[in-house]
Amino acid sequence: MSGRIVIAGASLGGLRAAEQLRAAGWAGMITVVGDEPHMPYNRPPLSKEVLAGKAGFDSLAFTPKAGVADVEWRLGTAVTAARLEEGVVVLDTGAELTFDGLVIATGMRPRRLACPGPRDGRHTVRTLDDAQALRAELMRPGAMVVVIGGGFIGCEVAATAAGLGAAEVTVVDPLPLPMAGPLGELLGDALLRRHTDRGVRFLLGRGVDGFQGDARAEAVVLDDGTVLAADVIVEAVGSVANTEWLDGNGLDLTDGVLTDDRLRVGGLPHVVAVGDVARHPNARYDAVARRVEHWSMPTETAKHAAKALVAQLTGAVPFPGPFAPLPTFWSDQHDFRLQSFGLPVLGRDDVRVLEGTPDGDFVAGYHRDGGLVGVVALGGAPAALAASRYRAQLLGQLVLTAHGVPR
């Protein structure tokens, strides 16, 4: 088998794509291109263990499977453009790579606030270098920390900063509760109580108008005129898909890269997308295309996309059926964990306590049209174990056509 598959993106999605291409029978060349100088590593610990000084890069790096020992890695190199119909990607060095198949795995980057004021002194957490730079500042005695954004990363960073002994940790968010967007009011209220009990202050329903300081940002100005002095400022206000290099190819890049239910892109069967840059339908729920930024999705998408791509290029393996993963995530904050199975965001209007009580450890069920679409546990290990008991129930649910096969 000859030819080459290029994987644009060298994080977890790129690594898993390379491994799964080999597992699916692709024996041709594989070239992985990534803008970071590091081999693929585990990102979730960056906002927790790495910031807390409990983990270094050696513990984060993934060990590639033996089957990808011959893969070519071009690290510290970004893909800047593509001509998909021609089978060409352009690198920031000016070099061009031709391909028979392409895997889009360029992932996300942190969204930044477009507010007046100095840029220096404002941190994000996405890469190992980000986390190491932020940790150096969090270690300053008596640090005043302001975290902008009450989502997963914001709450994790706030919890870590409080654990490191920051003098004050304040979370600012325009929503009325932390994580209200993905998890709704019940979980948001429970999280708020747990964080405030551990010394984190929340200013909710507030936006940011700007930053004050000379050489670096030293204060955050809120939309009600409040000025928060800050030694450390963290922006955790969401992500932006790295898709600019795909402009000009007629793709839907509204929110990530739109794919079909086999993860193929733009009607081009030799191009697939994996990881959190892919906006795809999920036959387990409906035909609506969504991006899912969960740790499990790079592996799930890579497995499915690799089979589709190898089937297209070789004809030696059958095409996979519709993509129907069960998303999973967890988030460690302070001394408790959030554990989720399914897509809770689809059931925020009908949330029920399944086990326990919101004042302690509990499991919440998220329902759509009366059916369970997600579960979230909050608490210690027993709560996470309780949530896992609903996994089989969620796995057994698929949206079916009148003929009884996945849509």
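No experiment lies behind these values; they were computed from the predicted model shown.

A. Structural detail: the overall build of the chain. Secondary structure assignment for the chain yields eight helices and 27 strands. Here the C-alpha atoms of the chain give a radius of gyration of 22 Å, agreeing with the 22 Å that 2.2 N^0.38 yields for 407 residues. Summarising its shape, the C-alpha atoms of the chain cover approximately 60 × 50 × 35 Å along the three principal directions. Out of the 407 residues belonging to the chain, those deemed buried represent 52%. Put simply, 64% of the contacts in the chain that link residues at least 6 apart link residues at least 24 apart. Of the accessible surface of the chain, which amounts to about 16,700 Å², a share of 51% is contributed by carbon and sulfur atoms. Charged side chains of the chain number 38 positive and 47 negative; the gap between the two group centres comes to 5 Å.

B. Structural view of the packing of aromatic side chains. Summed over all chains, the structure comprises two aromatic pairs. Centroid distance Phe 152 to Phe 329: 5.0 Å. Interplanar angle 70 degrees. Geometry classified as edge-to-face. Linking Phe 152 in helix H4 (residues 152-163) with Phe 329 in strand S23 (residues 328-333), this pair joins segments that are 177 residues apart in sequence. You can call Phe 152 partly exposed: its relative accessible area is 24%. Directly above the aromatic system of Phe 62 lies the positively charged group of Arg 16, at a separation of 5.3 Å from the ring centroid.

C. How the structure looks around the UniProt feature "domain: FAD/NAD(P)-binding" (unreviewed entry) in the chain. UniProt marks residues 4-288 with the feature "domain: FAD/NAD(P)-binding" (unreviewed entry), using the numbering shown here. For the annotated span residues 4-288, helix accounts for 20% and strand for 31% of the residues, and the straight-line distance between the end C-alpha atoms is 32 Å.

D. Structural view of the sheet that holds strand S1 (residues 4-8). Pairing in this open sheet of six strands is mixed, and the strands run S3-S2-S1-S7-S20-S19 from one edge to the other. At either margin of the open sheet sits one strand with a lone partner, and together these are strand S3 (72-75) and strand S19 (264-265). By the bridge criterion, four bridges tie strand S2 (residues 29-34) to S3 in an arrangement that is parallel. Looking across to S3, one finds that Val 33 is bridged to Arg 74. Sitting on the sheet, helix H1 (residues 12-23) is in contact with S1, S2, S3 and strand S7 (101-104), with an inclination near 160 degrees to S1. Across the face of the sheet, helix H6 (residues 297-314) comes into contact with S1, S7 and strand S20 (268-273) while running at roughly 160 degrees to S20.

E. Quick peek at the sheet that holds strand S4 (residues 79-83). If you trace the three strands from one edge of the open sheet to the other, you get S4-S5-S6, paired in antiparallel fashion. Both outer strands of the open sheet, S4 and strand S6 (96-98), are each paired with one neighbouring strand and no more. Each neighbouring strand pair of the sheet contributes to a mean axis angle of 25 degrees, computed without reference to strand direction. Across four bridges, S4 lies against strand S5 (residues 88-91) in antiparallel orientation. If you follow Val 79 over to S5, its bridge partner there is Leu 91.

F. Structural context of the pattern of salt bridges. One pass over the structure, following the stated rule, counts 30 salt bridges. The closest approach of N and O atoms between Glu 168 and Arg 201, which form a salt bridge, is 3.3 Å. Here Arg 201 lies in strand S12 (residues 200-204) and Glu 168 lies in strand S11 (residues 168-173), a separation of 33 residues in the sequence. The exposure class assigned to Arg 201 is partly exposed, which follows from its relative accessible area of 34%. Three or more residues are tied together by salt bridges with common partners; here these are Glu 137, Arg 140, Arg 216 and Asp 231.

G. Fine view of the nonpolar core. Counting 54 residues, the largest nonpolar core has Ile 7, Leu 21, Val 103, Leu 183 and Leu 187 as its most contacted members. In this structure, Leu 51, Ala 143, Val 145 and Val 200 belong to the second largest nonpolar core, which totals 26 residues.

H. Here's a closer look at the UniProt feature "domain: Reductase C-terminal" (unreviewed entry) in the chain. Those residues carrying the UniProt feature "domain: Reductase C-terminal" (unreviewed entry) are residues 329-387 in this numbering. For residues 329-387, the helix share is 12%, the strand share is 58%, and the end-to-end C-alpha distance is 12 Å.

I. Local environment of the side chain of His 270. Structurally, His 270 is set in strand S20. A relative accessible area of 17% means that His 270 is categorised as buried. Among residues more than four places away in sequence, those in contact with His 270 are Leu 84, Phe 99, Asp 100, Gly 101, Leu 102, Leu 309, Gln 312 and Leu 313.

J. Here's a closer look at helix H3 (residues 128-138). Of all the positions in H3, only Leu 128, Ala 131, Leu 134, Glu 137 and Leu 138 are classed as buried. In this fold, the buried residues of H3 make contact with helix H2 (57-60), strand S9 (122-123), strand S10 (144-148), H4 and strand S16 (232-235).

K. The arrangement of unusual backbone geometry in detail. Although it is not a glycine, His 334 adopts a positive phi angle of roughly 55 degrees. Checked against the element boundaries, His 334 lands in the loop between S23 and strand S24 (336-342). Taking the relative accessible area as the measure of exposure, His 334 reaches 28% and is therefore partly exposed. For Asp 369, which is not a glycine, the phi torsion comes out positive at approximately 55 degrees. With respect to the secondary-structure elements, Asp 369 resides in the loop between strand S26 (362-368) and strand S27 (371-379).

The rules behind these values
- Residues numbered from 1 in each chain as written.
- Predicted model: local features only at pLDDT ≥ 70, side-chain atom pairs only at ≥ 80, totals over all residues.
- Heavy atoms only, no water.
- Helix = DSSP H or I, 4+ residues; strand = E, 2+ residues; numbered from the N terminus.
- Rg over C-alpha atoms; globule rule 2.2 N^0.38 Å.
- Buried < 20%, exposed > 50% of the residue type's maximum accessible area, 1.4 Å probe, protein only.
- Contact = heavy atoms within 4.5 Å.
- Areas by Shrake-Rupley, 256 points an atom, 1.4 Å probe, with all protein chains shown as cover.
- Lys, Arg positive; Asp, Glu negative; His and termini not counted.
- Charge placed at Lys NZ, Arg CZ, Asp CG, Glu CD.
- Phe/Tyr/Trp six-rings, centres within 6.5 Å; stacked < 30°, edge-to-face > 60°.
- Lys NZ or Arg CZ within 6 Å of the ring centre and 35° of its normal.
- UniProt positions renumbered as here; feature names shortened; annotations may be inferred.
- Pairing = 2+ DSSP bridges.
- Axes fitted to C-alpha atoms, helices over the stretch in contact; angles between N-to-C directions.
- Salt bridge = Lys/Arg side-chain N within 4 Å of Asp/Glu carboxyl O.
- Core = buried A, V, L, I, M, F, W, Y, C linked by side-chain atoms within 4.5 Å.

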